[in-house]
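# Overview (structure and organization)
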Amino acid sequence: MSDCIFCKIANGEIPSDFVYEDDNFVAFRDVNPQAPVHILVIPKKHYASSAAVSDNSVWSGLMSSAVKIARDLGLEKNGYRMVINTGEQGGQSVPHLHLHLLAGRNLGWPPG
Ligand code: 5GP
Ligand code: ZN
């Protein structure tokens, strides 16, 4: 999508430091981090939200990318959280599917 900020990050139109990249996914640090580690993992292909995904390979790729990043950053020791916000009440503000990988502090539960 030409006016989507995460599409522009994924295709290099907006220069970013990728924490991870493969053929179908990229990951980069959140501009407004909510934890010492706050990484966004996204498919390169535009999906407006989790609700728009019908291809299960998106889920396997997204989750396995996030787990690989967590492993590479050594986050298993103290733990981490993966979050996908969907829609207005789900707190989604950017309409391109993304997984938040959060770590580095006690994240608490339940969410507010
Ligand atoms: P959502 O609220 O949609 O689940 O999460 C969107 C996230 O994207 C927010 O945490 C926000 O800080 C982050 N974000 C929005 N615009 C940009 C950007 O241009 N660059 C980066 N790195 N993060 C962004
Ligand atoms: Zn997009």
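The sections below set out a description of the structure shown in this document.

How each quantity is defined
- Residues numbered from 1 in each chain as written.
- Chains lettered and ligands numbered in written order.
- Predicted model: local features only at pLDDT ≥ 70, side-chain atom pairs only at ≥ 80, totals over all residues.
- Heavy atoms only, no water.
- Near = heavy atom within 4 Å.
- Polar contact = N/O pair within 3.5 Å; in protein donor to acceptor, adjacent residues only side chain to side chain.
- Areas by Shrake-Rupley, 256 points an atom, 1.4 Å probe, with all protein chains shown as cover.
- 1 Å grid on protein atoms, 1.4 Å probe; cavity = no way out; pocket = protein on both sides within 12 Å on 5 of 7 lines; lining within 4 Å.
- Sits in = over half its atoms within 2 Å of the grid points.
- Helix = DSSP H or I, 4+ residues; strand = E, 2+ residues; numbered from the N terminus.
- Donors = N, O, S within 2.8 Å, 3.2 Å for Na, K, Ca; no water.
- Buried < 20%, exposed > 50% of the residue type's maximum accessible area, 1.4 Å probe, protein only.
- Contact = heavy atoms within 4.5 Å.
- Salt bridge = Lys/Arg side-chain N within 4 Å of Asp/Glu carboxyl O.
- Pairing = 2+ DSSP bridges.
- Axes fitted to C-alpha atoms, helices over the stretch in contact; angles between N-to-C directions.

Below, the discussion takes up the site of ligand 1. Within the structure, ligand 1 sits among 16 residues, and D30, N85, S93, H98 and H100 are positioned closest to it. One of the backbone N or O atoms of V31 is found 3.3 Å from a nitrogen atom in ligand 1. Between ligand 1 and N85 there is a distance of 2.8 Å, counted from an oxygen atom to a side-chain nitrogen or oxygen. Protein burial of ligand 1: of its 520 Å² of free accessible surface, 80% is covered by the chains. Taken atom by atom, the bulk of ligand 1 overlaps the largest pocket. If you list the elements that add at least two residues to the shell around ligand 1, you get α1 (5–10) and β2 (25–29).

Here we come to the coordination of the zinc ion (ligand 2). Those protein atoms acting as donors to the zinc ion (ligand 2) are C4 (SG), C7 (SG), H46 (ND1) and H96 (ND1), and they sit at 2.0 to 2.3 Å. Positions of the donor residues of the zinc ion (ligand 2), expressed as sequence spacing, correspond to C-x2-C-x38-H-x49-H. Residue C4 is found in the segment before α1, and its partner H46 is found in the loop between β3 (37–43) and α2 (56–72); the two are separated by 42 residues along the sequence. Taking the relative accessible area as the measure of exposure, H46 reaches 21% and is therefore partly exposed.

Mapping H98 onto the fold places it in the loop between β4 (80–83) and β5 (99–103). There is a polar contact of 2.6 Å between the side chain of H98 and the backbone oxygen of H96. For H98, the contacting residues outside a window of four places in its chain are F6, L40, V41, I42, V83, I84 and Q92.

Another aspect to go through is the pattern of salt bridges. Scanning all chains against the criterion turns up two salt bridges. One salt bridge connects K44 with E21, and the closest N-O pair in it is separated by 2.9 Å. Taken as a pair, K44 in the loop between β3 and α2 and E21 in strand β1 (residues 18–21) lie far apart in primary sequence, 23 residues in all. The partner of D72 in a salt bridge is K68, with the nearest N and O atoms 3.1 Å apart. Of this pair, D72 and K68 both sit in helix α2, separated by four residues, roughly a single helical turn.

What follows deals with the sheet that holds β5. Read from one edge to the other, the open sheet built from five strands follows the order β1-β2-β3-β5-β4, with strand pairing classed as antiparallel. Two strands close off the open sheet at either side, each with one partner strand: β1 and β4. The mean angle between the axes of side-by-side strands here comes to 20°, regardless of whether they run parallel or antiparallel. Strand contacts of α2: β1, β2, β3, β4 and β5, with the helix running at about 150° to β3, the strand carrying the most contacts.

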